[in-house]
Amino acid sequence: MKKTALLTMLSFAGPDLRAQIEAMPEGTALIGISTTGKAIAVDLDSESPHVLVCTASGGGSTTMLRSLTAQFLHQGAHALVLDPKRISHLWAKALPTVTHRGNIAGIHDALLGLATELDRRLRLDGDLDTVPRLIVAVDEANATLRRLARYWETFRQKDDPKTSPAIAALEEALWVGRAARVHVIFDGRPQATVLGGAARELFATVILARVTADTWQVLAPDAGLAPKQRHLQRGHFHVIQHGEVEETQAIQMTDADVVTWLTDPDDPTA
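In what follows, the accompanying structure is described. (Residues numbered from 1 in each chain as written. Predicted model: local features only at pLDDT ≥ 70, side-chain atom pairs only at ≥ 80, totals over all residues. Heavy atoms only, no water.)

Within the protein, the regular secondary structure consists of eight helices and 10 strands. Structurally, the protein occupies a C-alpha span of about 60 × 45 × 35 Å along its principal axes. Burial status across the protein gives 50% buried among its 270 residues. For the protein, the accessible area works out to roughly 12,400 Å², and carbon and sulfur atoms hold 52% of it. (Helix = DSSP H or I, 4+ residues; strand = E, 2+ residues; numbered from the N terminus. Buried < 20%, exposed > 50% of the residue type's maximum accessible area, 1.4 Å probe, protein only. Areas by Shrake-Rupley, 256 points an atom, 1.4 Å probe, with all protein chains shown as cover.)

As structure tokens, this is what we get:
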């Protein structure tokens, strides 16, 4: 397979790229362009109801979550953005169809609300034509889940379930999300002790950068041996779908790009 040089930047500001993104079918988002020049995308309906992103610190996972979530929002989806750092996704606060939560109490309550919304959607028995797709973007997911578990322990009563209901809600979204048009973009390495042993199997699209060989084998066991990861420049990822690996330059969307595009889509500078 012939390779081409990856771009050092794949900016949303490029008019050709923006046109390509806006032409994507509903439920499909462009991840980036591979070394072979192929457009690499995720399809939430026909391929993968959820997306897993895992990188070392500084690997670009926040940018990836922002880019994918923004594209689905442009198509009419709503989003719940869980931002435990409180500052990684400030763009989300400016948009009416996005719920942004940063502190752990707010994240806990938002996930309880997600459980209620899942139940409501499932009761519709598939009659979801007028129900917007819901994206649940979880940044720093491993740290968030640990903090949710500790938070629950602070006020759990004797007869309450041992598992945090917020964590249970996220797990439920992973298992039944396709039927409810609810999709999780998970930034982290799913832990069997928190989300259940089969959690990894629920992500058909896995996006990795600068991970260890051990993490590669856990998250992409069907993709063969881990390619060199540490050489990847920021914004370069390995995308694994159907056991195939594509080294990919991801789209770079700034906070300003996203807000302008989603609030004033006719602005050519968005």
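Past the structure itself, the notes keep going.
On to the pairing of strand S10 (residues 244-250). Counting buried residues in S10 gives five out of seven residues, a clear majority hidden from the surface. Bridge analysis of strand S1 (residues 28-34) against S10 gives three bridges, and the strand direction is antiparallel. Looking at the pairing, Ile33 lines up with Gln249 of S10. Looking at chain direction, strand S9 (residues 236-241) and S10 are connected through six bridges and run antiparallel. In the sheet register, His236 faces S10, and the bridge partner there is Gln249. (Pairing = 2+ DSSP bridges.)

Our next topic: the pattern of salt bridges. In total, this model carries 12 salt bridges according to the counting rule given. Linking Glu140 and Lys85 is a salt bridge whose minimum nitrogen-to-oxygen distance equals 3.2 Å. With Glu140 in the loop between strand S6 (134-138) and helix H4 (141-155) and Lys85 in the loop between strand S4 (78-82) and strand S5 (98-101), this residue pair connects regions lying 55 residues apart in the sequence. Here Arg189 ties to Asp214 by a salt bridge, and the two come within 3.3 Å at their closest N and O atoms. You can see Arg189 sitting in the loop between strand S7 (182-187) and helix H6 (192-195) and its partner Asp214 sitting in helix H7 (residues 213-219), a full 25 residues away along the chain. Members of the salt-bridge network, linked through shared partners, are Glu26, Asp45, Arg133 and Arg181. (Salt bridge = Lys/Arg side-chain N within 4 Å of Asp/Glu carboxyl O.)

With respect to the helices and strands, the residue Arg121 is situated in helix H3 (residues 104-122). Here the side chain of Arg121 touches Glu117 through a polar contact of 2.7 Å, side chain to side chain. Here Arg181 takes part through its backbone oxygen, which lies 3.3 Å from a polar atom of the side chain of Arg121. Apart from the residues within four sequence positions on either side, Arg121 is in contact with Leu128, Val131, Pro132, Arg133, Leu134, Ala180, Arg181 and Val182. (Polar contact = N/O pair within 3.5 Å; in protein donor to acceptor, adjacent residues only side chain to side chain. Contact = heavy atoms within 4.5 Å.)

If you trace the 10 strands from one edge of the open sheet to the other, you get S2-S1-S10-S9-S8-S3-S7-S6-S4-S5, paired in mixed fashion. Edge positions in the sheet fall to strand S2 (39-43) and S5, since each has one partner strand and no second. Each adjacent strand pair in this sheet contributes to an overall mean axis angle of 25°, direction not counted. As judged from the four bridges shared by S4 and S5, these two strands associate in the parallel manner. Residue pairing for S5: Leu80 is matched across the bridge by Thr99. Relative to S1, helix H2 (residues 61-74) is tilted by about 135°, and along the sheet it contacts S1, S2, strand S3 (51-55), S4, S5, S6, S7, strand S8 (205-209), S9 and S10. (Axes fitted to C-alpha atoms, helices over the stretch in contact; angles between N-to-C directions.)

Where H4 meets helix H5 (residues 165-180), the axes come as close as 8 Å, and the angle between the chain directions of the two elements is 140°. Accordingly, the angle class assigned to the pair H4 and H5 is oblique. Judged by residue contacts, Leu145, Leu148, Ala149 and Trp152 of H4 engage Pro165, Ala166, Ile167 and Leu170 from H5. Grouping the amino acids of the contact of H4 with H5 by side-chain chemistry returns eight nonpolar, no polar and no charged. (Parallel < 35°, antiparallel > 145°, perpendicular 65-115°, else oblique. Nonpolar A, V, L, I, M, F, W, Y, C, P; charged D, E, K, R; others polar.)

By rolling a water-sized probe across the atoms, one finds the places where empty space is left. For the largest pocket, the calculated volume is near 320 Å³. Along its surface, the largest pocket is lined by 20 residues, and Ala56, Ser57, Ser61, Glu140 and Asp187 are the ones closest to its centre. Counting residues per element, the ones that place at least two in the lining of the largest pocket are S3, H2 and H4. Ranked by the residues each element gives to the lining of the largest pocket, the list is headed by H4, at four residues. The residue makeup of the lining of the largest pocket, split by class, is four nonpolar, 11 polar and five charged. (1 Å grid on protein atoms, 1.4 Å probe; cavity = no way out; pocket = protein on both sides within 12 Å on 5 of 7 lines; lining within 4 Å. Points joined across faces, edges and corners; volume = space filled by probe spheres on them.)

A word on the pairing of S9. Counting buried positions along S9 gives six out of six residues, so the element sits mostly inside the fold. Along S9, one buried face is formed by His236, His238 and Ile240 and the opposite face, lined by Phe237, Val239 and Gln241, is buried too. Direction of pairing for S8 relative to S9: antiparallel, over a ladder of four bridges. The residue bridging Ile207 from the neighbouring strand is Val239, located in S9. Once S9 ends, the chain turns through two residues before running back antiparallel as S10, passing His242 with a positive phi of about 55°.

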